[in-house]
Amino acid sequence: MSVTHAGKWKALAAGVSALLVGLTLPTVAATPAAATTTAYDDTYYANAIGKTGTALKGSLHTIIKSQTKISYSAVWEALKVTDQDPNNSGNVVLLYSGISRSKSLNGGDVGDWNREHTWAQSHGDFGTSAGPGTDLHHLRPEDVQVNSIRGNKDFDNGGSSFTNSGGSLTDSNSFEPRDAVKGDVARMILYMAVRYEGDDSWPDLEPNDAVTNGSVRYHGRLSVLKQWNDEDPPSASETRRNELIYSTYQHNRNPFIDHPEWVEAIW
């Protein structure tokens, strides 16, 4: 390259460098939760719209804390409505296995379905008393044996299949639900973490990123739950279920079904 051309390139490079130095990059800030559905935004969620982080979580807690509590025995009949098979009104669809089973086969024997606490009872020791132990937003019908296999394990990816798994997997310390309900599970767990904050005689339930929670008041794994929420958005059956619990039973909603983007806005 000639001296003349080299000088021109140096001058051009210096000019570009000066221009870049003068540029100011925009500040990166958390984006407030934006509405993806407006059905309840002007009424039920009015005090939450536009908030993010702890402010959003606190506002949602105040909103959904107001609920009608039902007994544990009443959960049987409620699940026959909220989890009814859309293709067979005499059956319910089991959460992890995806099996359609007769509503009349509810109980504790092999071949029956029972009441699965998605947020395991031992993760907070809340039992089956009216409150978190009977909250329909995390109670689902499941095969007795599958329910036992899940036990109180935290949620995570990985593991092996088992009888009536429907695609769900498990290992020594975690449980992975089938793909079709991964988002459902995430939104149920995170609902519980917002609804129960330790201010109404129940433990403060919180998500964390562990799979060794055992009998403490935490449930994991948060990073995986967030991924499942993104990958498996609310389905028509999940939305229907939320409406039924709101209109017929508890009169509160799972905000993460209405606004799945609020998961990222809080966590």
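Residues numbered from 1 in each chain as written. Predicted model: local features only at pLDDT ≥ 70, side-chain atom pairs only at ≥ 80, totals over all residues. Heavy atoms only, no water.

Draft legend 1. Inspection of the packing of helix H3 (residues 72–82) against helix H7 (residues 236–249) at higher detail. H7 packs onto H3 with a crossing angle of 135° between their chain directions and a minimal axis gap of 10 Å. Overall, the two elements H3 and H7 adopt an arrangement that is oblique. Relative to H7, H3 is oriented so that their crossing is right-handed. Across the interface between the two elements, Glu77, Ala78, Leu79, Val81 and Thr82 from H3 touch Arg240, Arg241, Leu244, Ile245 and Tyr249 from H7. Here the residues of the contact of H3 with H7 are counted per class, giving six nonpolar, one polar and three charged. (Axes fitted to C-alpha atoms, helices over the stretch in contact; angles between N-to-C directions. Helix = DSSP H or I, 4+ residues; strand = E, 2+ residues; numbered from the N terminus. Parallel < 35°, antiparallel > 145°, perpendicular 65-115°, else oblique. Left-handed = near helix turned anticlockwise from the far one by under 90°. Contact = heavy atoms within 4.5 Å. Nonpolar A, V, L, I, M, F, W, Y, C, P; charged D, E, K, R; others polar.)

Draft legend 2. Seen up close, the packing of aromatic side chains. Within the structure shown, the criterion is met by nine aromatic pairs. A ring pair is formed by phenylalanine 162 and phenylalanine 175, whose centres lie 5.9 Å apart and whose planes are at 45°; its orientation type is tilted. In this pair, phenylalanine 162 is assigned in the loop between strand E6 (154–155) and strand E7 (169–170) and phenylalanine 175 in strand E8 (residues 174–176), connecting sequence segments 13 residues apart. For the pair phenylalanine 162 and phenylalanine 175, a shared accessibility class is recorded, and that class is buried. An aromatic cluster is present here, built from Tyr40, Tyr44, Tyr45, Tyr246 and Trp262 joined pairwise through their rings. For the cation-ring pair, arginine 115 lies above tyrosine 72, with the distance from its terminal atom to the ring centre recorded as 3.6 Å. Arginine 253 extends its terminal NZ or CZ atom over the ring of tyrosine 246, reaching a point 4.9 Å from the ring centre. (Phe/Tyr/Trp six-rings, centres within 6.5 Å; stacked < 30°, edge-to-face > 60°. Buried < 20%, exposed > 50% of the residue type's maximum accessible area, 1.4 Å probe, protein only. Lys NZ or Arg CZ within 6 Å of the ring centre and 35° of its normal.)

Draft legend 3. Main features of the sheet that holds E7. Spatially, E6-E8-E7 is the arrangement adopted by the three strands of the open sheet, whose pairing is mixed. Looking at the sheet topology across the chains shown, the edges are occupied by E6 and E7. Pairing analysis gives two bridges linking E6 to E8, with the strands arranged parallel. When the sheet's bridge partners are listed, aspartate 154 is paired in E8 with serine 174. (Pairing = 2+ DSSP bridges.)

Draft legend 4. Local environment of the pattern of salt bridges. For the coordinates displayed, the defined rule picks out 16 salt bridges. A salt bridge links aspartate 83 to arginine 241, with the shortest nitrogen-to-oxygen separation between them at 2.9 Å. With aspartate 83 in the loop between H3 and strand E1 (84–85) and arginine 241 in helix H7, this pair connects stretches of sequence that are 158 residues apart. Accessibility assignment for this pair places aspartate 83 and arginine 241 in one class, buried. Between glutamate 176 and lysine 182 there is a salt bridge, and its shortest N-O distance comes to 2.8 Å. Residue class for lysine 182 comes out buried when judged on its relative accessible area of 8%. In this structure, a network of salt bridges that share partners links the residues Lys57, Glu197 and Glu206. (Salt bridge = Lys/Arg side-chain N within 4 Å of Asp/Glu carboxyl O.)

So, to be careful, I would describe these as geometric facts and stop short of saying anything about function.
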